Amino acid sequence: MINEILPDDVKRKLENGEILHIVDVREDEEWESGHIRGAKHLPLGSLEQRHGELGKGQEIIVVCRSGNRSGMACGLLDSLGYHVTNMPGGMMEWNGEIVTGR
């Protein structure tokens, strides 16, 4: 079973200065319209080829628009040996700071 963390809990951790490893699996246009500061952009379609860019020894919080694609990404990454946590509700429920552009 994949762990989950709610958007408000992620926001609180960031506000408390915790260093989080967040991966956003949305498409380029979605990413550019607003993402969490410090997140890494790895679109779901490229995850199988690019997962080596992630560290296996750290918890990775996976984000998308609503939580569906991030859930699929978590399944893939979990099967490859990564420690992943899904953020259900995704950016639709995110009320923290966002950064626009690339």
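Here the structure is a predicted model, which is why all the values come from computation and not from measurement.

### Quick notes on the sheet that holds strand S5 (residues 83-86)
In sheet architecture, strand pairing relies on hydrogen bonds along the backbone and comes in two forms, parallel and antiparallel. An order of S1-S5-S4-S2-S3 is seen for the five strands of this open sheet, with the pairing classed as parallel. The strands lining the two open edges of the sheet, one partner per strand, are strand S1 (3-4) and strand S3 (40-41). By the bridge criterion, two bridges tie S1 to S5 in an arrangement that is parallel. If you follow Asn3 over to S5, its bridge partner there is Thr85. Across the sheet, helix H4 (residues 68-79) touches strand S4 (59-63) and S5, and the angle it forms with S5 is around 165°.

### Some thoughts on the pattern of salt bridges
Where charged atoms of side chains with opposite charge meet at close range, the side chains can pair. Under the defined criterion, the tally for this structure stands at nine salt bridges. Across the pair Lys11 and Glu15 runs a salt bridge, and its minimum N-O distance is 3.8 Å. Here the residue Lys11 and the residue Glu15 both occupy positions in helix H1 (residues 7-15), the gap between them amounting to four residues, near one helical turn. Of the charged contacts in the structure, one is a salt bridge between Glu32 and Arg102, with a shortest N-O distance of 3.6 Å.

### Structural notes on the nonpolar core
Grouped together as the largest cluster of nonpolar side chains are 13 residues, with contacts concentrated most on Val25, Leu54, Ile60, Val62, Leu77 and Val84. Of all elements in the fold, only S4 and H4 reach the threshold of two or more residues within this core. For this core, the element with the most residues is H4, which contributes three residues. When residues no more than four places from it in sequence are discounted, the contact partners of Val84 are Ile2, Asn3, Ile60, Val62, Cys74, Leu77 and Asp78.

### A short note on the environment of Glu53
The topology assignment puts Glu53 in the loop between helix H3 (47-50) and S4. With 13 residues separating them in the primary sequence, Glu53 and Lys40 have C-alpha atoms 9.6 Å apart. Non-local contacts of Glu53, meaning those with residues more than four positions away in its chain, are made with Lys40 and Leu42. Here the side chain of Glu53 touches Arg50 through a polar contact of 2.8 Å, side chain to side chain.

About the cut-offs
Residues numbered from 1 in each chain as written. Predicted model: local features only at pLDDT ≥ 70, side-chain atom pairs only at ≥ 80, totals over all residues. Heavy atoms only, no water. Pairing = 2+ DSSP bridges. Helix = DSSP H or I, 4+ residues; strand = E, 2+ residues; numbered from the N terminus. Contact = heavy atoms within 4.5 Å. Axes fitted to C-alpha atoms, helices over the stretch in contact; angles between N-to-C directions. Salt bridge = Lys/Arg side-chain N within 4 Å of Asp/Glu carboxyl O. Core = buried A, V, L, I, M, F, W, Y, C linked by side-chain atoms within 4.5 Å. Buried < 20%, exposed > 50% of the residue type's maximum accessible area, 1.4 Å probe, protein only. Polar contact = N/O pair within 3.5 Å; in protein donor to acceptor, adjacent residues only side chain to side chain.

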